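# Structural characterization, general
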Amino acid sequence: MKIPIQSVEAKLAYDARWQRVMDTVALRRPDRMAVGLYPMFWLARYAGTTYRDLMYDYERTKQIAEEVVLALDPDIYSPTVMNAALGPALQAIGFKQVQWPGHGVGDNSPYQYLDREYMKAEEYDEFLFDPTGFYLKKYLPRVATAFEGLEEMPTLPGLHYFRLVGGINRFARPAVRKAWQNITTAAEEAERWIAHHVEFTKRMTALGYPLAYGSTSISPYDFIADYFRGATGMMKDLYRHKDKLLQVMDKCVQILLTQTVATAKASGNPIIFIPVHWAADAFMSPKQFETFWWPPFRKLMLGLIDADLIPMPMWEADCTKRLETIRDIPAGKCIYWFERTDMVRAFEVLGDVVALRGNLSPSLMTTGTPAQVDEAVKHLVENVFNKGGSLILDTAFGIPDEAPVDNVRAMYAAARRYGG
Amino acid sequence: MPELNAQESQLVEWLSDMNEDDALALAKRMLLEEGVPPLRVLELCRNAMDIVGKRFEEGEYFLPELVLAGEMLETIGAIAKPLIKHAPGEEPKKLGKVLIGTVHGDLHDIGKNIVSFMLDINGFDVKDIGIDVPVQRFIDEINVYQPDVVGLSGFLTLAFDSMKETIAAFEKEGIRSRFKVMIGGGQIDETVRAYTGADAFGVNAVEAVNLCRAWVGVAA
């Protein structure tokens, strides 16, 4: 893939698109309504190939992703190649937490997360005492085969002087040696994967299109619920291990902040995409939300804002009842992307605090007609954008993989027709 | 249910208030030390679950309470059930039969499991046939189990088509009119219900119970 020199026109187009998004974030009136693009395996539907092909063919995925960006002409696009061409990297690390197209699920099935208990309730103390040690010897071997063998590593803290010299002998064990070899192989594939993403991003920049976000993060509650305790384990912990959970989440704020700021600074893009899984109205009571979910997340967002970054949580499911609570954030610093939350209501409550993104419903995009999609865009423009709302028009959580191409084209055409 | 004595009321209160430690200790004492009939203890559990369900509907309780209540009842059930000695014909009568599974292509099961548990505790005979269930497997299971209600679960958008296909196959098989079909899961709404041809959809486990109760003719 060649990276052309950015033409003057392309630079102007790039700057105009980015300014549109930045104006929207800052709650200033943009020259017209910004539109986002976030496809996953919909690329396959667009190009008539399989999800599996996208997963394993970097070059083809870059080519299709470029065609899609040029055809739909969004103001910002998600790191499409990174999201869809992950097969070799997942394979190399032996990732156990998801099934992916052609691996555990069919060639045209999306990623499916395996909700399991990856950390037992009794291990909270271990995590709190030494997160790195817990990662190396317990967590990593549980989530990816490349790390299997690290269980046999020596415990490092406490080694000193001649005790250190002898104490490293466990690194000579065959299982530990094998693990480091596997990790190196996986890391090399990860380098390739990232290099393809960087190359694609540079090419799109040269063509005038800004990347939507340079790194991702996660709320402390979701981090522990999804990737450590499992959904139901976490729900029981709200009663059984309340204090421990609060302590762990507080520690995770700093851990996640350090990690996210470093990645974001390296990427050069200030927007941080944060998929939010467990904030929905239906999942926990307002009191639980205000005790467990929101305070650590707010702290994380404030930390990101302090680092001059722009948090973009994508509030999955319906979070209408949380709007008053999540309003408590500095104005003009975040993008709140909503899935099923009523956008008009979100605008009423949050319009003077955050930019909004979304939210054409997946059922409409998948089973509706282009005329219905047009109508839904018009509704959002008339009731949010035209009333002064800072809106980045998009689908509810990305273009559904199954959405007919005509519906997607109708969405972008309607955005231009009604949004200026 | 006859009037509750003080100890029985205490168990119902602790269970419905999510006071797990005290509730389990009391239930164990009643069953293993005091010889309280196991069916009586299970009846108290159902009483507590009625309260939990009501609090869920009123917006006081949410998923964590359903999950924790499920776990408490499972623990008590595991102690109580081996102690039950049924006389012939004495088995508790079930309200109806529900067959439930996650449609093909979708591996999600948290919501489905909560629905299965809530139906079970509310007096339904539930057969849960798991995740990623092929169309033919649904048909085979239906022919053997003869359910009153079939529940199709799915979290992903691909489930829209899997549900539509599954229900269309019921039609083709000529069995569609023998049972009601309810669907549920993260993205399900009225648009999807109409698209798939299901009889109804629910957004949570209590709605699933209410749908089934209405279909088998029990007042909610």
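Just so it is clear, the model here is predicted, and its values are computed rather than measured. (Residues numbered from 1 in each chain as written. Chains lettered and ligands numbered in written order. Predicted model: local features only at pLDDT ≥ 70, side-chain atom pairs only at ≥ 80, totals over all residues.)

Residues and elements named next belong to chain B. The parallel open sheet is built from five strands, whose spatial order is S2-S1-S3-S4-S5. Bordering the open sheet on either side are strand S2 (125-128) and strand S5 (200-202), each of which pairs with just one other strand. Neighbouring strand axes in the sheet, compared pairwise and without regard to direction, differ in orientation by 25° on average. In the packing of helix H6 (residues 135-145) onto the sheet, contacts are made with strand S1 (97-102), S2 and strand S3 (149-153), and the angle to S1 comes to roughly 165°. (Pairing = 2+ DSSP bridges. Helix = DSSP H or I, 4+ residues; strand = E, 2+ residues; numbered from the N terminus. Axes fitted to C-alpha atoms, helices over the stretch in contact; angles between N-to-C directions. Contact = placed C-beta atoms within 7 Å.)

Before going further, it helps to examine the interface of chain B and chain A. Contacts between the two partners involve 24 residues from chain B and, on the opposite side, 26 residues from chain A. Among the secondary structure elements, those contributing two or more residues to the side of chain B that touches chain A are helix H4 (63-80), helix H7 (158-173) and helix H8 (190-196) of chain B. For the side of chain B that touches chain A, the element with the most residues is H4 of chain B, which contributes five residues. Residue composition of the side of chain B that touches chain A, grouped by class: 13 nonpolar, six polar and five charged. (Nonpolar A, V, L, I, M, F, W, Y, C, P; charged D, E, K, R; others polar.)

The omega torsion of the bond from Gly358 of chain A to Asn359 of chain A falls at -20°, within 30 degrees of zero and hence cis. Positive phi is not limited to glycine here, since Ala317 of chain A has a value of about 60°. For Ala317 of chain A, the position within the fold is in the loop between strand S8 (310-315) and helix H15 (323-326). With a phi angle near 50°, Asp132 of chain B is a residue other than glycine that sits in the positive phi range. Position of Asp132 of chain B among the secondary structure elements: in the loop between S2 and H6.

The topology assignment puts Met22 of chain A in helix H1 (residues 8-25). C-alpha separation for the pair Met22 of chain A and Ala34 of chain A, spaced 12 residues apart in sequence, amounts to 9.7 Å.

Residue and element names in this part refer to chain A. At a minimum axis separation of 11 Å, helix H4 (residues 58-72) and helix H10 (residues 174-207) run at an interaxial angle of 30°. On the basis of the axis angle, H4 is roughly parallel to H10. The way H4 lies across H10 gives a crossing that is right-handed. Facing H4, whose interface residues are Tyr58, Lys62, Ala65, Glu66 and Val69, H10 presents His196, Phe200, Arg203 and Met204. (Parallel < 35°, antiparallel > 145°, perpendicular 65-115°, else oblique. Left-handed = near helix turned anticlockwise from the far one by under 90°.)

All names here are of chain A. Ordered by their spatial adjacency, three strands build an open sheet running S4-S3-S5, and the pairing between neighbours is mixed. Looking at the sheet topology across the chains shown, the edges are occupied by strand S4 (104-105) and strand S5 (112-113). Of the strand pairs in this sheet, strand S3 (residues 98-101) and S5 are connected by two bridges, and their pairing is antiparallel. If you follow Val98 over to S5, its bridge partner there is Tyr113.

By size, the foremost hydrophobic cluster in this structure holds 193 residues, and its most contacted members are Leu43, Ile272, Met312, Ile335 and Leu356 of chain A together with Met118 of chain B. At nine residues, H4 of chain B tops the list of elements feeding residues into this core. Domain assignment of the residues forming this core places at least three in each of domain 1 (6-83) and domain 2 (97-215) of chain B. (Core = buried A, V, L, I, M, F, W, Y, C linked by C-beta atoms within 7 Å. Buried ≥ 20, exposed ≤ 12 C-beta atoms within 10 Å, placed from the backbone. Domains from an automatic or database assignment.)

Residue and element names in this part refer to chain B. Parsing chain B into structural domains produces domain 1 (6-83) and domain 2 (97-215). Each of domain 1 and domain 2 has a C-alpha centre, and the two are 28 Å apart. Mapped by element, the contributors of at least two residues to the side of domain 1 that touches domain 2 are helix H3 (38-57) and H4. Partitioned by chemical class, the residues of the side of domain 1 that touches domain 2 number five nonpolar, two polar and two charged.

Residue and element names in this part refer to chain A. Taking 1.5 Å of rise per residue, 18 residues should cover 26 Å, and H1 covers 26 Å from first to last C-alpha, within 8% of that figure. Residues of H1 that are buried include every one of Arg17, Arg20, Val21, Thr24 and Val25, and no others. One side of H1 carries all its buried residues, which in axial view fall inside an arc of 145°. Residues of H1 that are exposed and angled more than 90 degrees away from the buried face: Val8, Leu12 and Asp15. As for H1, its buried residues are in contact with strand S1 (34-37), strand S2 (76-77), S8, strand S9 (335-338), strand S10 (355-360) and strand S11 (391-395). Leu27 lies just past H1 and shows a positive phi near 65°. (Expected span 1.5 Å × (residues − 1). Arc of directions from axis to C-beta.)

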